[in-house]
Amino acid sequence: MLNLDEKGQTKREPVNDPLLTGVRDKIRDAGERLRKNDLPRLPTWQEHACGTCDVVGLCRTRPSR
Ligand code: SF4
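Residues numbered from 1 in each chain as written. Predicted model: local features only at pLDDT ≥ 70, side-chain atom pairs only at ≥ 80, totals over all residues. Heavy atoms only, no water.

## So, the site of the ligand
The cut-off we apply is this: Near is defined per residue: the residue qualifies when any heavy atom it owns lies within 4 Å of the molecule or strand. Gly counts as polar in this scheme, as do all residues outside two lists: the nonpolar Ala, Val, Leu, Ile, Met, Phe, Trp, Tyr, Cys and Pro, and the charged Asp, Glu, Lys and Arg.
Taken together, the residues surrounding the ligand are Arg41, Leu42, Ala49, Cys50, Cys53, Val55, Val56, Cys59 and Arg60. Along the lines of polarity and charge, the residues of the shell around the ligand split into seven nonpolar, no polar and two charged.

Here's what the structure looks like:
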């Protein structure tokens, strides 16, 4: 995987059938969830995801530090 983020780590991984099958399954699942509007928010604040989320202002109150 080529990480384009500054200071991001590029991870090399051999592309094989199990990897492709796993990626296909994840993409299919994501598409089905989008079609069904099945997009639950995370149950609790998670700094790694919510802390950098673009829609945090619509989703929840940012915890004070
Ligand atoms: S703030 Fe963003 S990442 Fe966190 S639950 Fe809401 S939508 Fe998901």
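That covers the picture; the talk isn't over yet.
## Observations regarding the pattern of salt bridges
Pairs can form between side chains of opposite charge once their charged atoms are near each other. Note the threshold: For this analysis, a salt bridge means a side-chain nitrogen from Lys or Arg found within 4 Å of a carboxyl oxygen belonging to Asp or Glu. Only DSSP runs of H or I covering at least 4 residues are called helices, and only runs of E covering at least 2 are called strands; the numbering of each starts at the N terminus. The cut-offs for exposure are 20% and 50% of the maximum accessible area for each residue type, with area from a 1.4 Å probe on protein chains only; residues under the lower value are buried, those over the upper are exposed, and the others partly exposed.
Counted by the stated rule, this structure contains three salt bridges. Note that Arg28 and Asp25 form a salt bridge whose closest N and O atoms lie 3.1 Å from each other. With Arg28 and Asp25 both in helix H1 (residues 17–35) and three residues apart, this pair spans about one turn of that helix. Judged by its relative accessible area of 46%, Arg28 falls in the partly exposed class. For Asp25, a relative accessible area of 39% translates into the label partly exposed. The residue Asp38 makes a salt bridge to Arg33 at a minimum N-O spacing of 3.8 Å.

## Here we look at the environment of Asp25
The condition is simple: Residues adjacent in sequence count toward polar contacts only when both atoms are side-chain atoms; beyond that, a polar contact is any pair of N or O atoms within 3.5 Å, and within protein one must be able to donate a hydrogen and the other to accept it.
Remark: the alpha-carbon pair of Asp25 and Trp45, spanning 20 residues in sequence, is separated by 27 Å. Looking at Asp25, its side chain comes within polar contact range of the side chain of Arg28, at 3.1 Å.

## So, H1
Since there are 3.6 residues in each turn of an α-helix, residues three or four apart along the chain are aligned in direction. Cut-off, in case you're wondering: How far a helix is expected to stretch is found by multiplying one less than its residue total by 1.5 Å.
Compared with an ideal rise of 1.5 Å per residue, which puts 19 residues at 27 Å, H1 spans 27 Å between its outermost C-alpha atoms and is within 8% of the ideal. Sitting at the head of H1, Asn16 places a side-chain oxygen 3.0 Å from the backbone nitrogen of Leu19. Just past H1, the residue Asn37 takes up positive phi, approximately 55°.

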